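Chains, contacts and geometry: an overview
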Amino acid sequence: MTVHQLSVFIENKSGALVRVLRLLKQENIQLIASTIADTADFGIFRIICSEPEKACNVLKEAGVAVSLCEVFAVELDDRPGQAADAIAIFASEGISISYLYSFLLNGKGVLIFRTDNAEKAAEVIASNGLSVIEEKDLSRLL
Amino acid sequence: MLGVKAYNSFGMSEMCGPGVAFECPEQNGMHIWEDYYIVEIVNPDTLEPVPDGEVGELVLTTLKREAMPLLRYRTRDLTRILPGECPCGRHHLRLDRMKGRSDDMIILKGVNIFPIQIETILMQFQELASDYLITLETVDDNDAMTVDVEMKDLFIDDYAKLQALTREITRQLRDEILITPRVRLVPKNTLPKSEGKAVRVVDTRKKY
Ligand SMILES: [Zn+2]
């Protein structure tokens, strides 16, 4: 019940980000969502995109430090308070969110996140009937 | 592979070539022939002798060479005298493996640092690849050191681990060289390769 995310290590120097994006462009890979966490010396560029395995290989072959990982994508109604209620469920189960970002698509809110306990998070999602987006559903979003 | 035990030896063309010092079956340091050489280990900066066990530049004087005797010849090789007697019974003192060249010595904030000290620390981190680059700069009229280290493609998604790794490398380097460097993780294959004589140190400091 997860989607693939690319995590790209970006050095803090000009052109590093555009290089990654151009490599994806050349392969006609479409970004669905992305975010950058930064420190003084490096950033982590996290990307949800079409054809994540292919995208990962393209970047690796170009010498970019990248890893493919699994994150949850939970779909919510676009109403105030939905995110709060969803996250509260994880908090009450003692599951920590490592990072989270969100986007709106076709009138739905989508929360992308990683937790410190994927197995337990999956159980919590199932038992609370949260609507998750699967890898195969991603093409539906494009 | 060939079932042959290999022994380490030390030599230089200025001193009759190989065999200046040689390992005994204990293979714990190379005995240097004290009936042929006077051995001194000095601080390459002050040229004062250092105590046994401490790393410095090997300085040799030949006792029997006739055509071209060398007096207090600075070898530029860094090593140390291994303290104590060798169990093999030879009394000729033992040199440790060469630890680099005194020409490589960095003087930063008045502290002598050898790149090998930094390399030894970095090699202990299995998260790191083998290449690194030391950059010396002047920042606000002070010496500063940056150490760029290549990492393997591990836990790139884990920001906390990347930061913890950076902090731990910094801490261990500080404990070794007594100066706190700035440590930067960089992707693999972005630094000069270690083959041959790679540039490991870049010094862009202002010269006064
Ligand atoms: Zn011995």
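Scroll up to find the structure this text is about.
1. Overview of the packing of aromatic side chains
For the structure on display, the rule yields five aromatic pairs over all chains. Their ring planes at 20° and their centres at 5.0 Å tell us that A:Phe9 and A:Phe42 sit as a pair that is stacked. Residue A:Phe9 is found in strand β1 (residues 3–11), and its partner A:Phe42 is found in strand β3 (residues 42–49); the two are separated by 33 residues along the sequence. With relative accessibility at 3%, the residue A:Phe9 sits in the buried group. Look at B:Tyr36 and B:Tyr37: their rings are 5.0 Å apart centre to centre, the planes differ by 55°, and that puts the pair in the tilted class. Taken together, the ring pairs connect A:Phe9, A:Phe42 and B:Tyr159 into an aromatic cluster. A cation over an aromatic ring shows up here: A:Arg46 above the ring of A:Tyr99, its NZ or CZ 3.6 Å from the ring centre.

2. A short note on the interface of chain B and chain A
Facing the 16 residues of chain B at the interface are 19 residues of chain A. Of the roughly 1,300 Å² buried between chain B and chain A on both sides combined, carbon and sulfur atoms contribute 60%. Of all residues in chain B, B:Ile156, B:Asp157 and B:Tyr159 bury the most surface against chain A, accounting for 48% of the area lost on that side. Applying the counting rule to chain B against chain A returns three salt bridges. Of all the secondary-structure elements, those providing two or more residues to the side of chain B that touches chain A are α2 (159–177) and β13 (182–186) of chain B. Take the side of chain B that touches chain A: its biggest share by element is five residues, from β13(B).

3. Notes on the sheet that holds strand β6 (residues 73–79) of chain B
Two orientations exist for strands paired in a sheet by backbone hydrogen bonds: parallel and antiparallel. All names here are of chain B. Strand order in the open sheet formed by three strands is β4-β5-β6, and the pairing between neighbours is antiparallel. Because the sheet does not close on itself, it has two edges, and the strands there are β4 (37–42) and β6. Geometrically, the sheet is characterised by an average inter-axis angle of 30° between neighbouring strands, direction not taken into account. Relative to strand β5 (residues 56–62), β4 is paired through six bridges, and the arrangement is antiparallel. Counterpart to Ile41 in the pairing with β5 is Leu58.

4. A closer look at the coordination of the zinc ion
Residue and element names in this part refer to chain B. Cys24 (SG), His31 (NE2), Cys86 (SG) and Cys88 (SG) make up the full set of protein donors to the zinc ion, lying at 2.0 to 2.3 Å. Here the zinc ion is ringed by four donor atoms whose angles at the metal span 104 to 114°, and the overall shape comes out tetrahedral. Between the donor residues of the zinc ion, the gaps in sequence give the motif C-x6-H-x54-C-x1-C. Of the two residues, Cys24 is situated in the loop between β2 (17–23) and β3 (30–32) and Cys86 in the loop between β7 (81–82) and β8 (94–95); the sequence distance between them amounts to 62 residues. The exposure class of Cys86 is buried, given its relative accessible area of 7%.

Criteria and cut-off values
Residues numbered from 1 in each chain as written. Chains lettered and ligands numbered in written order. Predicted model: local features only at pLDDT ≥ 70, side-chain atom pairs only at ≥ 80, totals over all residues. Heavy atoms only, no water. Phe/Tyr/Trp six-rings, centres within 6.5 Å; stacked < 30°, edge-to-face > 60°. Helix = DSSP H or I, 4+ residues; strand = E, 2+ residues; numbered from the N terminus. Buried < 20%, exposed > 50% of the residue type's maximum accessible area, 1.4 Å probe, protein only. Lys NZ or Arg CZ within 6 Å of the ring centre and 35° of its normal. Contact = heavy atoms within 4.5 Å. Buried area = accessible area lost by both parts, 1.4 Å probe. Salt bridge = Lys/Arg side-chain N within 4 Å of Asp/Glu carboxyl O. Pairing = 2+ DSSP bridges. Axes fitted to C-alpha atoms, helices over the stretch in contact; angles between N-to-C directions. Donors = N, O, S within 2.8 Å, 3.2 Å for Na, K, Ca; no water. Tetrahedral: all angles 85-135°; square planar, octahedral: opposite > 155°, others 65-115°.

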